[in-house]
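Each chain, letter by letter, is given below.
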Amino acid sequence: MLLSALFAPFPLPFSPAALPAVEITGIAIDNRAVQPGYLFVARRGAWADGHAFIPDALERGAAAVVGQDDLHLTVPYIRVEDSRQAVTHLAAAFHQFPAQHLNVIGITGTDG
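The shown structure was predicted, so the numbers you read here are calculated from the model rather than taken from an experiment. Along each chain, numbering runs from 1 in the same order as the chain's sequence is written. In keeping with the predicted nature of the model, local features appear solely for residues at pLDDT of at least 70, side-chain atom pairs appear and are counted solely at 80 or more, and the whole-chain, interface and lining totals rest on all residues. For side-chain calculations, the full set of non-hydrogen atoms in the structure is used, while hydrogens and water are omitted.

Chemist: Describe the overall build of the chain, with residues and values.
Modeler: Along the backbone of the chain there are 3 helices and 4 strands. Numbering goes from the N terminus for both helices and strands, where a helix is a DSSP run of H or I of at least four residues and a strand is a run of E of at least two. Secondary structure of the chain in N-to-C order comes out as α-β-β-α-β-β-α. Radius of gyration means the value over C-alpha atoms here, while the globule rule gives 2.2 Å times the residue count to the 0.38 power. The C-alpha radius of gyration of the chain comes to 17 Å, more than 25% above the 13 Å expected for a compact globule of 112 residues. If you line up the chain on its principal axes, its C-alpha atoms span 60 × 35 × 25 Å. A 1.4 Å probe rolled over the protein chains alone gives each residue an accessible area, and that area as a share of the maximum for its type sets the label: buried under 20%, exposed over 50%, partly exposed in between. The proportion of buried residues among the 112 residues of the chain is 37%. It only takes one pair of heavy atoms within 4.5 Å for two residues to be counted as in contact. Within the chain, contacts between residues separated by at least 24 positions form 45% of all contacts whose residues are at least 6 apart in sequence.

Chemist: Give a detailed account of the sheet that holds strand β4 (residues 77-79), specifying residues and quantitative values.
Modeler: Through backbone hydrogen bonds, the strands of a sheet pair up, either in parallel or in antiparallel fashion. In short, DSSP must find at least two bridges between two strands for them to pair. Read from one edge of the open sheet, 4 strands run β1-β2-β3-β4, paired in parallel fashion. With partners counted over all chains shown, the strands left at the sheet margins are β1 (26-28) and β4, one partner each. Geometrically, the sheet is characterised by an average inter-axis angle of 20 degrees between neighbouring strands, direction not taken into account. Where strand β3 (residues 64-67) meets β4, 3 bridges bridge the pair, whose relative direction is parallel. Within the sheet, the bridge partner assigned to V66 lies in β4 and is I78. Note on method: axes are straight lines fitted to C-alpha atoms, helices fitted across the in-contact stretch only, with angles between N-to-C directions ranging 0 to 180 degrees. The sheet contacts of helix α3 (residues 83-94) involve β1, β2 (38-41) and β3, and relative to β1 the element is tilted by about 160 degrees.

Chemist: Kindly report on the nonpolar core, identifying the contributing residues and their values.
Modeler: Taken as a class, soluble globular proteins show a tendency for nonpolar side chains to be buried jointly. Of all hydrophobic cores here, the largest spans 19 residues; its most connected members are L3, L6, F7, I24, L39, V66 and L90. For this core, the leading source of residues is α3, giving 5 residues. Here the nonpolar core consists of buried residues drawn from Ala, Val, Leu, Ile, Met, Phe, Trp, Tyr and Cys, with membership extended through side-chain atoms lying within 4.5 Å. Of all hydrophobic cores here, the second largest spans 11 residues; its members include Y38, F40, A62 and V75.

Chemist: Explain the layout of surface pockets residue by residue, including any values.
Modeler: Think of a 1 Å grid over the protein atoms and nothing else: a 1.4 Å probe that fits but is trapped marks a cavity, an open set flanked by protein within 12 Å on at least five of seven lines marks a pocket, and residues with an atom within 4 Å of a point count as lining. Grid points are joined across faces, edges and corners, and a volume is the space filled by probe spheres set on the points. Put simply, the largest pocket is a space of about 240 Å³. The wall of the largest pocket is formed by 15 residues, among which I29, D30, N31, G50 and F53 lie closest to the centre. Class assignment of the residues belonging to the lining of the largest pocket gives a composition of 6 nonpolar, 3 polar and 6 charged. Only Asp, Glu, Lys and Arg are considered charged in this grouping, and only Ala, Val, Leu, Ile, Met, Phe, Trp, Tyr, Cys and Pro are considered nonpolar; every other residue, Gly among them, is considered polar.

Chemist: Talk me through the pattern of salt bridges; I want residue IDs and the actual numbers.
Modeler: The salt bridge criterion pairs a side-chain nitrogen of Lys or Arg with a carboxyl oxygen of Asp or Glu, the two atoms within 4 Å. Applying the stated criterion across every chain, the model contains 4 salt bridges. Note that R44 is salt-bridged to D49, the shortest N-O span being 3.5 Å. The exposure class of R44 is partly exposed, given its relative accessible area of 37%. Overall, D49 belongs to the partly exposed group, its relative accessible area being 27%. Linked by salt bridges that have partners in common, R44, D49 and D69 make up one network.

It is worth stressing that arrangement in space is one thing and function is another; only the former is reported here.
Quick look at the structure:
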């Protein structure tokens, strides 16, 4: 999937069409899981900051990076306000929004 297609439904301060035509083959939030062509999403956690692992993700073949810091990388870097929230939207877009194809049925009753 193209990087611009991943960000098409995403609220960005710029047009996703402005992103380079980079093919994304997967998404990872763990730098150790990055494979060539993956999008690495750097998230801040309680004990570690994913931005510190960007160099390793790039060595493993990350084709693009999403994060919150103001960085300049050798691959496309998309800065977002909240990378933890962004990864949920990106994963849904990467998998063609599977929740849109679910049927939900609710059953109510007095016994339970």
